[in-house]
Amino acid sequence: MFVRTESFQEFLKFYPIVCGLVIIHFVLWFFIDILQLPFALQILREGIGNNYLVGQGEYWRLVTPIFLHGGFAHALFNSFSLVLFGPALEQMLGKAKFITMYLAAGIAGNIGTYLMAPNEFYQHLGASGAIFGLFGVYAYMVIYRKSLIGAANSQLVMTIFVIGFFMTFMRPGINVWAHLFGLIGGFAVAPPLLKNARPFSVWQNRAKFANRDRDEVSFNPNRWKNKRFSSKNYGKYILWGIIFFLVAMAFLGNLF
């Protein structure tokens, strides 16, 4: 459930919402922190969470901070958590319900942050409230829908959740209220969203896309000759190249 056995191409095909969110994280980080483009800096100024400005009617700031991050390490950690815990829920809930849950948890975290200090000029950003919403859904499964998650996966996800929850209070600069209210938001929306859910299985995804790919595996006398330089492999190399480039830019940015 949390061990990725899919190929790179399968991951992109099976979990488009998770992939899309990760791409948004890094594209925004790259435009804002590395290129520092005027329109991107404007997005940061207008999108960062700010309790005082929310109180002045800028309610979009309850949503936009979910997609913004304070540096490469912040974006990387939240994206890694999303890649680890998001795919199973995307399959179990479906694309529409998954994005609904993700946004609901993130917004709940930002609303909680506002309610705790509505008049302060307090700024915050990051997807961690939405990430803790994933844990809220898993916690609901562990307590009320044990048929959806095995004992080993229950122990794993709850162990990681406890560690993450503990680190929330131990590390400086963490938006504790976003984590807490994001967790509550995920737990609250879990019952209706999990109503018709089935346990996660990567084989369900493979069976679902098998018919679409049937033409690709039909007999082709040149298939072995062309496999090495297929467009799919080009896509993989390009993406890894982009990731390497972003990491290098972040490293150089810290040096200079």
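See the structure printed just above.
Residues numbered from 1 in each chain as written. Predicted model: local features only at pLDDT ≥ 70, side-chain atom pairs only at ≥ 80, totals over all residues. Heavy atoms only, no water.

A closer look at the overall build of the protein chain
What counts is decided by this rule: Helix numbers and strand numbers start at the N terminus; a helix is a DSSP run of H or I with at least 4 residues, a strand a run of E with at least 2. Burial status follows relative accessibility: with a 1.4 Å probe on protein chains alone, a residue under 20% of its type maximum counts as buried, one over 50% as exposed, and anything between as partly exposed. Only heavy atoms enter the contact rule, under which two residues are in contact if any of them lie within 4.5 Å. Computed by Shrake-Rupley with a 1.4 Å probe, the accessible areas treat only the displayed protein chains as cover when residues are assessed.
Along the protein chain, the regular secondary structure elements total 12 helices and 2 strands. The N-to-C order of helical and strand elements in the protein chain reads α-α-α-β-α-α-α-β-α-α-α-α-α-α. Going through the 256 residues of the protein chain one by one, you find that 40% of them count as buried. For the protein chain, restricting intrachain contacts to residue pairs at least 6 apart in sequence, the fraction spanning at least 24 positions comes to 80%. Carbon and sulfur atoms provide 68% of the accessible area of the protein chain, an area that totals close to 14,400 Å².

Section: helix 9 (residues 176-193)
Here is the rule: Under the convention used throughout, the expected extent of a helix is 1.5 Å for every residue step, that is, one less than its residue count.
Taking 1.5 Å per residue, 18 residues should reach 26 Å; helix 9 reaches 26 Å between its end C-alpha atoms and fits that length. Taken together, the buried positions of helix 9 are Ala178, His179, Leu180, Gly182, Leu183, Gly185, Gly186, Ala190 and Leu193. Tucked into the core, helix 9 has its buried residues touching helix 5 (72-93), helix 6 (95-116), helix 7 (128-144) and helix 8 (151-170).

Re the pattern of salt bridges
We count it as follows: When a carboxyl oxygen of Asp or Glu is within 4 Å of a side-chain nitrogen of Lys or Arg, the pair counts as a salt bridge.
One pass over the full model with this rule turns up 4 salt bridges. The salt bridge involving Glu58 is made with Arg61; its shortest N-O contact spans 2.5 Å. Here the salt bridges share partners, and the residues they tie into one network are Glu46, Glu58 and Arg61.

With respect to helix 7
Along its 17 residues, helix 7 runs 24 Å from first to last C-alpha, staying within 8% of the 24 Å computed at 1.5 Å per residue. Of all the 17 residues making up helix 7, 14 are buried; the element is thus mostly covered by neighbouring parts of the structure.

Quick look at the packing of aromatic side chains
Defined as follows: Put simply, two rings from Phe, Tyr or Trp (the six-membered ring, in Trp's case) pair if the centres are within 6.5 Å, and we call them stacked under 30 degrees between planes, edge-to-face over 60, tilted for the rest.
In total, this model carries 21 aromatic pairs according to the counting rule given. Judged by centre distance (5.4 Å) and plane angle (65 degrees), the rings of Phe2 and Phe85 are edge-to-face. Of this pair, Phe2 sits in the segment before helix 1 (8-14) while Phe85 sits in helix 5, placing them 83 residues apart in sequence. For the residue pair Phe2 and Phe85, the accessibility class agrees, reading buried in each case. With centroids separated by 6.4 Å and ring planes inclined at 70 degrees, the aromatic side chains of Phe132 and Phe161 adopt a geometry described as edge-to-face. Taken together, the positions of Phe132 in helix 7 and Phe161 in helix 8 put the pair 29 residues apart, joining distant regions of the chain.

As for the side chain of His69
For the record, the criterion: Polar contacts, as counted here, are pairs of nitrogen or oxygen atoms within 3.5 Å of one another; within protein the pair requires one atom able to donate a hydrogen and one able to accept it, and residues that are adjacent in sequence qualify only if both atoms are side-chain atoms.
As for its placement among the helices and strands, His69 is situated in the loop between helix 4 (51-55) and helix 5. A polar side-chain atom of His69 sits 3.1 Å from a polar atom in the side chain of Asn78. Beyond its immediate stretch of four places on either side in the chain, His69 contacts His25, His74, Ala75, Asn78, Leu125, Gly126 and Ala127.

Observations concerning empty space enclosed by the protein
To keep things clear, this is the line we draw: Definitions used throughout: a 1 Å grid over protein atoms alone; a cavity as a set of points that fits a 1.4 Å probe which cannot get out; a pocket as an open set with protein on both sides within 12 Å along at least five of seven lines; a lining residue as one with an atom within 4 Å of a point. Grid points are joined across faces, edges and corners, and a volume is the space filled by probe spheres set on the points.
One pass over the structure, following the stated rule, counts 1 cavity of 30 Å³ or more. Of the volumes computed, that of the largest cavity is approximately 70 Å³. Along the walls of the largest cavity sit Ile66, Gly106, Gly109, Asn110, His124, Leu125, Gly126, Ser128, Gly129, Asn175 and Ala178, which together make up its complete lining. For the lining of the largest cavity, the secondary-structure elements that each account for two or more residues are helix 6 and helix 7. Examining the composition of the lining of the largest cavity, we find that 3 residues originate from one element, helix 6, more than from any other.

Thoughts on the environment of Met116
Within the fold, Met116 resides in helix 6. On a C-alpha basis, the gap between Met116 and Trp177 in space is 7.7 Å, while along the polypeptide they are 61 residues apart. When near neighbours in sequence (up to four residues on either side) are disregarded, Met116 contacts Trp177 and Phe181.

Thoughts on a nonpolar patch on the surface
Using the following cut-off: Each patch groups residues whose relative accessible area exceeds 30% and which form no salt bridge, using 9 Å between like charges and 5 Å between nonpolar side chains of Val, Leu, Ile, Met, Phe, Trp and Tyr.
On the surface, Ile111, Leu115, Met116 and Trp177 cluster together to form a nonpolar patch covering roughly 370 Å² of accessible area. Ranked by the residues each element gives to the nonpolar patch, the list is headed by helix 6, at 3 residues. Mapped onto the fold, Leu115 is located in helix 6.

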